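Descriptive analysis of the structure
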Amino acid sequence: MISIHSQIQANKMKTVMVMTIFMLFVVTVSYILGKSLGYGSSWIGLGLIISGIMSLVSYYYSDKMVLTLSGARLADRKKDFDLYTVTENIALSAGIPKPKVYVIEDSAPNAFATGRDPEHAVVCATRGLINKLSRRELEGVIAHEISHIQNFDIRLMAIVSIMVGVIALLSDWFSRSLWWGKRDRDDRSNISAVLFLMSIVLALIAPLVATLIQLAISRRREFLADASGALLTRNPDALASALQKISADKEVLEAATNATAHLYIVNPFKDKNFSAWFANLFNTHPPISERVKILTAM
Amino acid sequence: MLFALAAILGLIALYIWYIYNDLVSSKMRVGEAWSQIDVQLKRRADLIPNLVETVKGYTKHEKKLLENITRARSALLSASSPKEKAQADNQLSGVLKSLFAVAENYPNLKANENFLQLQKELADTEDKVSFSRQHHNTMVMEYNTKLQMFPNALIAGKFNFRDKEYYEAKKEDRKKVEVKFGE
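Residues numbered from 1 in each chain as written. Chains lettered and ligands numbered in written order. Predicted model: local features only at pLDDT ≥ 70, side-chain atom pairs only at ≥ 80, totals over all residues.

A word on the overall build of chain A. Helix and strand counts for chain A stand at eleven helices and four strands. By the burial criterion, 44% of the 298 residues in chain A qualify as buried. Taking all contacts inside chain A whose residues are at least 6 apart in sequence as the whole, residues at least 24 apart take part in 75%. (Helix = DSSP H or I, 4+ residues; strand = E, 2+ residues; numbered from the N terminus. Buried ≥ 20, exposed ≤ 12 C-beta atoms within 10 Å, placed from the backbone. Contact = placed C-beta atoms within 7 Å.)

Set out below in structure tokens:
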């Protein structure tokens, strides 16, 4: 049995490790591609600026964008008594101001949180979640969501997506330069053939690798949110049974799109056939069975 | 030489300054967490008169019980130390529990919209008290740990920082709520 505190500690350590590897990867790829393009580091700078602006915009407006995309409306204390008061209570337990509470009128049970810091936090649940879970289970789910906010996961994932963006842009520019790169002829003799070959390979696989690392970080943060959520309610079993209920539910959440899928507590697309290790690499969320196993052992 | 000595003394002063401020903000957080419990206890007490009024209209033989509830409420309002408040709150939970058990005998009361709403609100404030208590105790633990640690302990002693009291109630409190309002 591993205590919740050491779970949290281990998850944080792993995130730091993955982030370090990721930074090194981004720097190396950028360096090699930049060198091969023959323009040096100014291109990396440009890539960083463009990707940074794109991510910052989504970082600052993510709450509004997501809510509009999923058709959520503000919750009412009287009508959505349980969701509203449970969110109040978990915020009390976490010592943060009460987040804004939204409801999606969809019978598939699911929930997500967004917002860049505890002052701009939003918690959103579907009608199905409110109806199908008991109050204690609802507490577990909301505590998981509020943990995402408290752990600044939205901020972390924004930084990660800036880096993924840089890699994508640089690879793209490199591939393009191969097409209309006649001008490079003279330079090319200066760069070694090895470096050039490496760049081609990198331009092809780097975006994929970057995305895989991004997904690995996302899964790590899900485990972390489970553990710190359990610390908020002192009731990991309730979250475990909620996760089982949500994943056993057959309904598909129509409000979710590819762009918002990673935000939800349980992957809204639920392609259960792909439980293999390889398919897991491409998932934003760890498998439910593993999350439940860890939670019940707490 | 003199310069080096001055630099070292300066660094030490800065360090003490930092620890002092850190202890102050920890202490503030405990105070804030405590006032949150207080707010929730007050909210709880405020719901009682309304509840008593509603129940009175439907029951004839429960005078004694209602008196007990009113007494438990005033005990809660007049309690001052964390320990006293925890005890008074426990007491109130106990009598409320018997009230809701007795309510089973009055179908009309059980169907009353107002009564149902109050029952929900009371269950919710009980949750709120327990979650604020949990937050408060976490903050107390953080603060008390800081006081014990070296070198904080030396500074804490000099500036009269004292251990804070935990807000404790019986462990089975959380469970009681679940039993009472089983869906």
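Okay, back to it.
Residue and element names in this part refer to chain A. Ranked by size, the top nonpolar core spans 54 residues in total, and within it Val 123, Cys 124, Val 141 and Ile 146 carry the most contacts. Only α3 (81-94), β2 (100-104), β3 (111-114), β4 (122-126), α5 (135-150), α8 (193-233), α9 (236-248) and α11 (288-297) provide two or more residues apiece to this core. With 25 residues, the next largest nonpolar core counts Val 26, Ile 44, Ile 162 and Ile 213 among its residues. (Core = buried A, V, L, I, M, F, W, Y, C linked by C-beta atoms within 7 Å.)

With that settled, the discussion passes to the interface of chain B and chain A. At the junction of the two partners, chain B supplies eleven residues and chain A supplies eight residues. For the side of chain B that touches chain A, the elements supplying multiple residues, two or more each, are α1 (2-56) and α5 (113-148) of chain B. In terms of residue count, α5 of chain B provides more of the side of chain B that touches chain A than any other element does, eight residues in total. When its residues are assigned to classes, the side of chain B that touches chain A shows two nonpolar, four polar and five charged. (Nonpolar A, V, L, I, M, F, W, Y, C, P; charged D, E, K, R; others polar.)

Bringing the pairing of β2 of chain A into the picture now. Residue and element names in this part refer to chain A. Among the five residues of β2, four are classified as buried, and the element is accordingly described as predominantly covered. Judged from the two bridges that link them, strand β1 (residues 73-74) and β2 form a sheet pairing that is antiparallel. From the neighbouring strand, Arg 73 faces β2, where its bridge partner is Val 103. Where β2 meets β4, five bridges bridge the pair, whose relative direction is parallel. Across the sheet, the residue bridging to Lys 100 is Val 122, located in β4. (Pairing = 2+ DSSP bridges.)

Residue and element names in this part refer to chain A. Packing of α3 against α5 brings their axes to within 9 Å, and their N-to-C directions diverge by 50 degrees. Considering the angle they form, α3 stands oblique to α5. Judged by the sense of rotation from one axis to the other, the crossing of α3 with α5 is right-handed. Side by side, α3 and α5 meet where Asp 82, Leu 83, Val 86, Thr 87, Ile 90, Ala 91 and Ala 94 of the first sit next to Arg 135, Leu 138, Glu 139, Ile 142, Ala 143, Ile 146 and Gln 150 of the second. Of the residues belonging to the contact of α3 with α5, the class tally is nine nonpolar, two polar and three charged. (Axes fitted to C-alpha atoms, helices over the stretch in contact; angles between N-to-C directions. Parallel < 35°, antiparallel > 145°, perpendicular 65-115°, else oblique. Left-handed = near helix turned anticlockwise from the far one by under 90°.)

Let us now look at the UniProt feature "active site" (unreviewed entry) in chain A. Residues and elements named next belong to chain A. As annotated by UniProt and renumbered to match this structure, "active site" (unreviewed entry) occupies Glu 145. Residue position: Glu 145 is located in helix α5. Residues contacting Glu 145, with those up to four places away along its chain left out, are Ala 111, Phe 112, Ala 113, Val 123 and Ile 265. (UniProt positions renumbered as here; feature names shortened; annotations may be inferred.)

Residue and element names in this part refer to chain A. Read from one edge to the other, the open sheet built from four strands follows the order β1-β2-β4-β3, with strand pairing classed as mixed. Every interior strand has two partners, whereas the edge strands, β1 and β3, have only one. Across the face of the sheet, α3 comes into contact with β2 and β4 while running at roughly 150 degrees to β2. Strands β3 and β4 of the sheet are contacted by α5, whose axis makes an angle of about 20 degrees with β3.

Another point: the UniProt feature "transmembrane region" (unreviewed entry) in chain A. Residue and element names in this part refer to chain A. Using the residue numbers shown here, the UniProt feature "transmembrane region" (unreviewed entry) corresponds to residues 16-34, 40-61, 156-174 and 194-217. A helix fraction of 100% and a strand fraction of 0% characterise residues 16-34, whose end C-alpha atoms lie 26 Å from each other. In the segment residues 156-174, helix accounts for 100% and strand for 0%; the C-alpha atoms at its two ends are 28 Å apart.

To continue, consider unusual backbone geometry. Of note, the amide linkage connecting Phe 150 of chain B to Pro 151 of chain B takes the cis form, showing an omega dihedral of 0 degrees. Secondary-structure assignment places Pro 151 of chain B in the loop between α5 and α6 (152-158). Unusually for a residue other than glycine, Arg 234 of chain A sits at a positive phi of about 55 degrees.

Before going further, it helps to examine the environment of Glu 222 of chain A. All names here are of chain A. Note on placement: Glu 222 falls in helix α8. With 23 C-beta atoms packed within 10 Å, Glu 222 lands in the buried category. With 62 residues separating them in the primary sequence, Glu 222 and Thr 284 have C-alpha atoms 8.7 Å apart. Leaving out residues up to four positions away in the same chain, Glu 222 has contacts with His 285 and Pro 286.

All names here are of chain B. Across the interface, α1 lies against α5 with an axial gap of 9 Å and an inter-helix angle of 165 degrees. Overall, the two elements α1 and α5 adopt an arrangement that is roughly antiparallel. The hand of the α1/α5 crossing is left-handed. In terms of residue class, the contact of α1 with α5 is built from 15 nonpolar, ten polar and nine charged.

Another point: the environment of Gly 34 of chain A. As for its placement among the helices and strands, Gly 34 of chain A is situated in helix α1 (residues 4-37). Counting along the chain gives 161 residues from Gly 34 of chain A to Leu 195 of chain A, while the straight-line C-alpha distance between them is 11 Å.

Along an α-helix, a turn takes 3.6 residues, which lines up residues three or four apart on a common side. Residues and elements named next belong to chain B. For helix α2 (residues 63-78), spanning 16 residues, the distance from its first C-alpha to its last is 23 Å, which sits close to the expected 22 Å at 1.5 Å a residue. The complete set of buried residues in α2 reads Ile 69, Ala 72, Arg 73 and Leu 76. Angularly, the buried residues of α2 cover 100 degrees about the axis, an arc narrow enough to put them on a single face. Among the exposed residues of α2, those oriented more than 90 degrees off its buried face are Lys 63, Lys 64, Glu 67, Ser 74 and Ser 78. Residues of α2 that are buried in the fold lie against α1 and α3 (82-102). (Expected span 1.5 Å × (residues − 1). Arc of directions from axis to C-beta.)

Let us look at the environment of Pro 82 of chain B. Residue and element names in this part refer to chain B. Note on placement: Pro 82 falls in helix α3. Taking the C-alpha atoms as reference points, Pro 82 and Gly 94, twelve residues apart in sequence, are found 18 Å from one another. Contact partners of Pro 82, with chain neighbours within four places excluded, come to Glu 165 and Tyr 167.

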